[in-house]
Amino acid sequence: MSRFLSARFAGLEAYTPGEQPQDMQYVKLNTNESPYPPSPEVFARINGDEIGKLQLYPDPEGKILRQKLADLYGVTAENIFLSNGSDDILNFAFMAFCDETHGAMFPEISYGFYPVYADLYGVQAKQVPLQADFTISAADYCKNEAMVVIANPNAPTGLELPQNDIEKIIQSNPNHVVIIDEAYIDFGGVSALSLVPRYENLLVVQTFSKSRSMAGIRIGFAIGNPRLIRALNDVKYSYNSYTMNMPSLILGKEAVKDDAYFKKTLKKIIETREWSKKQLKRLGFTFPDSMSNFIFASHKTAKAEEIFEALRENQIFVRYFKQPKLENYLRISIGTREEMEALFAFLETYLQQENEKVID
Ligand code: PMP
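Source: prediction; values computed, not measured.

Looking now at the overall build of the protein. Broken down by element type, the protein carries 11 helices and 13 strands. The globule rule puts the C-alpha radius of gyration for 360 residues at 21 Å, and the 21 Å found for the protein is close to it. By principal-axis analysis of the C-alpha atoms, the protein measures approximately 65 × 50 × 50 Å. Evaluated residue by residue, the protein yields a buried proportion of 53% over its 360 residues. In the protein, once contacts between residues fewer than 6 apart in sequence are set aside, the share between residues at least 24 apart is 72%. A total of about 17300 Å² of accessible surface is found on the protein, and carbon and sulfur atoms cover 51% of it. Seen as two clouds, the 38 positive and the 46 negative side-chain charges of the protein have centres 3 Å apart.

For the structure shown, the criterion picks out 20 aromatic pairs. An aromatic cluster is defined as three or more aromatic residues linked by ring pairs; in this entry it consists of Y15, F94, F106, Y111, F113, Y114 and Y117. The ring of F262 carries R212 above its face, with NZ or CZ at 3.8 Å from the centroid. Sitting above the plane of the Y237 ring, K236 keeps its charged end 4.8 Å from the centroid.

With that settled, consider helix 8 (residues 246–257). For helix 8, spanning 12 residues, the distance from its first C-alpha to its last is 17 Å, which sits close to the expected 16 Å at 1.5 Å a residue. Those residues of helix 8 that fall on the buried side of the exposure criterion are M246, S248, L249, I250, L251, G252, E254, A255 and V256. For helix 8, the secondary structure elements touched by its buried residues are helix 1 (40–46), helix 2 (49–52), helix 3 (63–73), strand 2 (80–83) and helix 9 (259–282). Its side-chain oxygen placed 2.9 Å from the backbone nitrogen of S248, N245 serves as the N-cap of helix 8.

This paragraph deals with the pairing of strand 3 (residues 103–107). Where burial is concerned, most of strand 3 is hidden: 5 out of the 5 residues are buried. Examined bridge by bridge, strand 3 and strand 5 (residues 146–151) share 3 bridges and lie parallel to one another. Across the sheet, the residue bridging to M105 is V148, located in strand 5. Pairing of strand 3 with strand 4 (residues 125–128), which is carried by 4 bridges, proceeds in the parallel orientation. In the strand pairing of strand 4, A104 is matched with A125. What joins strand 3 to strand 4 is helix 5 (residues 113–120), and the crossover it makes is right-handed.

Neighbouring the ligand are G85, S86, D87, Y111, D181, A183, Y184, T207, S209, K210 and R218. The contact in question runs from an oxygen atom of the ligand to an N or O atom on the backbone of S86, over 2.7 Å. With respect to the ligand, the backbone of D87 contributes an N or O atom lying 3.0 Å from an oxygen atom. Surface burial for the ligand is 91%, taken as the share of its 400 Å² of free accessible area covered by protein chains. Among the residues making up the shell around the ligand, the classes are represented as 3 nonpolar, 4 polar and 4 charged.

Next up on the list: the sheet that holds strand 7 (residues 202–207). Taken in spatial order, the 7 strands of this open sheet run 2-8-7-6-5-3-4, and their pairing is mixed. Each having just a single partner strand, strand 2 and strand 4 make up the two edges of the open sheet. Strand-to-strand twist in this sheet, taken as the mean axis angle between neighbours without regard to direction, amounts to 20°. Two strands pair when backbone bridges link them, and strand 6 (residues 178–181) and strand 7 are joined in this way by 4 bridges, in the parallel orientation. Directly across from V178, in strand 7, lies its bridge partner L202.

The next thing to look at is the nonpolar core. Generally speaking, soluble globular proteins have nonpolar side chains that are buried together. In this structure, L65, L69, Y141, I150, I169, L202 and F208 are the most contacted members of the largest nonpolar core, which totals 49 residues. When residues in this core are grouped by element, the largest group, 6 residues, is from helix 8. When near neighbours in sequence (up to four residues on either side) are disregarded, L65 contacts L82, F208, I219, M244, S248, L249, G252, K253 and V256. If you look at the next biggest cluster of nonpolar residues, it comprises 38 residues, including F287, A310, I332 and I334.

Before going further, it helps to examine the sheet that holds strand 13 (residues 330–333). Taken together, the 4 strands give an open sheet; going across it, the order is 9-10-13-12, and neighbouring strands pair in antiparallel fashion. The outermost strands of the open sheet, each flanked by one partner alone, are strand 9 (285–286) and strand 12 (319–320). One ladder, built from 4 bridges, connects strand 10 (residues 294–299) with strand 13; its direction is antiparallel. The partner of F294 across the bridge, within strand 13, is S333. Most of the contacts of helix 11 (residues 337–359) go to strand 13, to which it runs at about 150°, and overall it touches strand 9, strand 10 and strand 13.

The next subject is the packing of helix 4 (residues 86–97) against helix 5. When two helices pack together, their arrangement is given by the angle between their axes and by how far apart the axes lie. For the pair helix 4 and helix 5, interaxial distance at closest approach is 10 Å and the crossing angle is 40°. Viewed along their axes, helix 4 and helix 5 adopt a mutual orientation that is oblique. Taken as a pair, helix 4 and helix 5 cross one another with a handedness that is right-handed. The segment helix 4 lies against helix 5, with D87, D88, L90, N91 and F94 engaging F113, Y114, Y117, A118 and L120.

Each value, and the rule that gives it
Residues numbered from 1 in each chain as written. Predicted model: local features only at pLDDT ≥ 70, side-chain atom pairs only at ≥ 80, totals over all residues. Heavy atoms only, no water. Helix = DSSP H or I, 4+ residues; strand = E, 2+ residues; numbered from the N terminus. Rg over C-alpha atoms; globule rule 2.2 N^0.38 Å. Buried < 20%, exposed > 50% of the residue type's maximum accessible area, 1.4 Å probe, protein only. Contact = heavy atoms within 4.5 Å. Areas by Shrake-Rupley, 256 points an atom, 1.4 Å probe, with all protein chains shown as cover. Lys, Arg positive; Asp, Glu negative; His and termini not counted. Charge placed at Lys NZ, Arg CZ, Asp CG, Glu CD. Phe/Tyr/Trp six-rings, centres within 6.5 Å; stacked < 30°, edge-to-face > 60°. Lys NZ or Arg CZ within 6 Å of the ring centre and 35° of its normal. Expected span 1.5 Å × (residues − 1). Polar contact = N/O pair within 3.5 Å; in protein donor to acceptor, adjacent residues only side chain to side chain. Pairing = 2+ DSSP bridges. Right-handed = clockwise from strand over helix to strand, strands pointing away. Near = heavy atom within 4 Å. Nonpolar A, V, L, I, M, F, W, Y, C, P; charged D, E, K, R; others polar. Axes fitted to C-alpha atoms, helices over the stretch in contact; angles between N-to-C directions. Core = buried A, V, L, I, M, F, W, Y, C linked by side-chain atoms within 4.5 Å. Parallel < 35°, antiparallel > 145°, perpendicular 65-115°, else oblique. Left-handed = near helix turned anticlockwise from the far one by under 90°.

Structure below.
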């Protein structure tokens, strides 16, 4: 630890992202990316004139992409805040809406970055346990004195919280911002976007990293009441006017335009997910019924950590969280059908061998 690090950050426990090995061939099912590349229209733009003007600063307001998203979701550009991935949006939200006296609350089992942001800004975090079946009880989040953050569907469980529960939480916290992190909503969930016109405390956060196949370009956006969006902009312009680079704005707009491609890849991922659920069941796994592009699965006899290691040695990467309540689960991102077939072929042999060991 450097002696120059501010005392404010001593003891900070940073978020650990999933591995991104650069030097080997492997089946990558560990960070919930899309297994499909972005639309061909995106690639067609990469060498275009507009993107060539890199000597210029990008538009700090990101108008072209905000307007495109506004048209897509039937809101105005003033309802939209853009930033460098939804992590960046969440970061700005913690910065803008919380402080020493205004805390944050979120499920104890959820996206691991929430407690990190709380820690970073010295914000008191109330982490609410899930029910035994991993569901969220909406009543736990009603009438609390804190900003609420709910990932819907939740990560790493993949479970969706119904819209009426979401609305209850928003309604019962009129003096606090309620963030619905919809990183995985396109994979079959019901978005809270339709509630935005009715609730000035609702901020819906989405990303291009999963369903839009663009994790590498870093685009996140939030939709909310224009006053909330202005607050986020005030903080952003006090920090970095250009969180969105020019290629991201141009290529992001192109990705939104190709709606047919978006829907086609989404359909393939959902079909592969449903097929994968059947395979996992057949192999003796149980899991919450995921509405996302990953499945959080536990085996009835084999230990998750050992399966994780065995998969890793065979160049199949999934995510394992060595922490209480999660240590017997693997989070498996949905890849292509071929990638999932490779996973299940390996698991079939591995589990058979484990079974034989027990019998011996
Ligand atoms: N929210 C949730 C629930 C996530 O799982 C992730 C991805 N790890 C993010 C937000 C951040 O995604 P990104 O910054 O790539 O938009």
